[in-house]
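One letter stands for each residue in the lines below.
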Amino acid sequence: MTLTTELLKLPIVDLSSPDRLSTAATILQACTDHGFFYLVNHGVEEELFQKVFNESKKLFSFPLEEKMKLGRKDHRGYTPLFAESLDPDLAPKGDPKESYYIGPLEEDSAPVKLNQWPSQETLPSWRPTMETFYRKLACAGNKLLRLIALALKLEETFFERMGGLDKPTAYLRLLRYPGELGSADEDVCGASAHSDYGMITLLATDGVQGLQICREKFKQPQVWEDVLHLDGALIINIGDMMERWTNCMFRSTLHRVMPVGQERFSAAFFLDPKHDCLVECLESCCSESSPARFPPILSGDYLKERFRLTYKSNLESIV
Ligand SMILES: O=C(O)CCC(=O)C(=O)O
Ligand SMILES: [Fe+2]
């Protein structure tokens, strides 16, 4: 049994504010209290969001055989409905959503091209739109990581060095939740309850509601609160890796997407540390009375295990 409450007021962080210390303080509070906040003045224009969702819609409307030609390889490309379960215990059948992954953008000169792109003849604007979106999100993400570092009393470039502005270890996941599967069944989620695995996630939604968070994951019955869409804002959430790094000072909050009987598009940008980055408790987050709760782990090893559990079949690793 779950209860849903109506109103949730998430903090709003202004990425362009000149008062960086006060912004860092807001972030600290938001990450400790909610693990979720809105980001405004982030540099991604409203028109670009529209373009991304339009292009995304075009691709998802292709026949399944066409989309399967771009089927996910090396964690890039198309994943059909029910192919992944964000909570394998609650949703053993898989989640009713389809997605498309874009990995780190390669240099033109890179010997192996891993990303898959729809053909230029069918969708000429698709690739340039997604590449622009990816780069702008990476830029916003890195700026935000500087503020998060300030909030944690670290050198401003600490996370940036781990994630790498030069080579962001980031995946963009375009998502489509088909409205027609919207059911009155409480147990069927568009995306089952999960927390994100990595450092931070930047999320854009098309305005159709459905996203909910549960702030007390161990409390029963679970209380789910709606995260309302805020025009032009990105929704940011802390991932498990960051929770681990901060010794649980920052929360990686449980979230899910409920069907609302309407087709819904979103785009999640997962910004992770480099795979050889050792994630160990930050000094500012432990003390004698609050010792490190987790042993150090390589980011790549941690993510590999989390992905192994998520993709029950057709298992592929991102490392
Ligand atoms: O579609 C959404 O609003 C959320 C997606 C999400 O949580 C995820 O992909 O990890
Ligand atoms: Fe998520």
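Naming follows an unreviewed UniProt entry, where the chain appears as Fe2OG dioxygenase domain-containing protein of Cannabis sativa. In its Sequence similarities (unreviewed entry) section, the UniProt record describing the chain reads: "Belongs to the iron/ascorbate-dependent oxidoreductase family."

A. How the structure looks around the coordination of the iron ion (ligand 2). Protein-derived ligands of the iron ion (ligand 2) are His194 (NE2), Asp196 (OD) and His255 (NE2), with the metal-ligand distances lying across 2.1 to 2.2 Å. Within one chain, the residues donating to the iron ion (ligand 2) are spaced in sequence as H-x1-D-x58-H. You can see histidine 194 sitting in strand S7 (residues 191-194) and its partner histidine 255 sitting in strand S12 (residues 254-257), a full 61 residues away along the chain. Classification of histidine 194 as buried rests on a relative accessible area of 8%.

B. Focus on the pairing of strand S11 (residues 234-238). The buried fraction of S11 amounts to five of the five residues, a majority that puts the element mostly inside the structure. Of the two faces of S11, the one lined by Leu234, Ile236 and Ile238 and the one lined by Ile235 and Asn237 are each fully buried. In terms of strand pairing, strand S3 (residues 36-40) meets S11 through four bridges, oriented antiparallel. Paired with leucine 39 across the two strands is leucine 234, which belongs to S11.

C. Highlighting the state of the cysteines. With the rule as written, the count across this model stands at zero disulfides. Cysteine 31 forms no disulfide, and the closest cysteine sulfur to it belongs to cysteine 285, at a distance of 11 Å. For cysteine 31, a relative accessible area of 0% puts it in the buried group. Between cysteine 277, a cysteine without a disulfide, and cysteine 281, which holds the nearest cysteine sulfur, the sulfur-to-sulfur distance is 14 Å. Classification of cysteine 277 as buried rests on a relative accessible area of 5%.

D. Spotlight on the site of ligand 1. With respect to spatial proximity, the complete set of residues near ligand 1 consists of Arg173, Leu175, Tyr177, His194, Asp196, Leu203, His255, Val257, Arg264, Ser266 and Phe270. Separating an oxygen atom of ligand 1 from a side-chain N or O atom of tyrosine 177 is a distance of 2.6 Å. Contact distances for ligand 1 include 2.8 Å between an oxygen atom and a side-chain N or O atom of arginine 264. Coverage of ligand 1 by the protein amounts to 98% of the 290 Å² it exposes when considered alone. Those elements that provide at least two residues to the shell around ligand 1 are strand S6 (169-177), S12 and strand S13 (264-272). Here the residues of the shell around ligand 1 sort into five nonpolar, three polar and three charged.

What counts, and at which threshold
- The residue numbers shown here count from 1 along each chain, following its written sequence.
- By the order in which they are written, chains take letters starting at A while ligands take numbers starting at 1.
- Since the coordinates come from a predicted model, pLDDT governs what is reported: local features require at least 70, and pairs of side-chain atoms require 80 or more to be given and counted, while whole-chain, interface and lining totals use all residues.
- Only hydrogens and water are set aside; all other atoms, that is, all heavy atoms of the structure, feed into the side-chain values.
- UniProt positions are given in the numbering used here, feature names are shortened, and annotations may be inferred rather than shown by experiment.
- For Na, K and Ca the donor cut-off is 3.2 Å, and for all other metals it is 2.8 Å, counting N, O and S atoms only; because water is absent from this set, sites may look incomplete.
- Secondary structure elements follow DSSP: runs of H or I of four or more residues count as helices, runs of E of two or more count as strands, with numbering from the N terminus.
- Each residue is assigned to one of three classes by its accessible area relative to the maximum for its type, calculated with a 1.4 Å probe on protein chains only: buried under 20%, partly exposed between the two thresholds, exposed over 50%.
- Two strands form a pair only when DSSP identifies at least two bridges running between them.
- The disulfide criterion used throughout: a pair of cysteine sulfur atoms within 2.5 Å.
- We define proximity as follows: a residue is near a molecule or strand when any one of its heavy atoms falls within 4 Å of that partner.
- We call two N or O atoms a polar contact when they sit within 3.5 Å, provided that within protein one can donate a hydrogen and the other can accept it, with sequence-adjacent residues counted only if both atoms are side-chain atoms.
- Each accessible area value is a Shrake-Rupley result obtained with a 1.4 Å probe; residue values ignore everything except the protein chains displayed when judging cover.
- Under the scheme applied, nonpolar residues are Ala, Val, Leu, Ile, Met, Phe, Trp, Tyr, Cys and Pro; charged residues are Asp, Glu, Lys and Arg; polar residues are all the others, including Gly.

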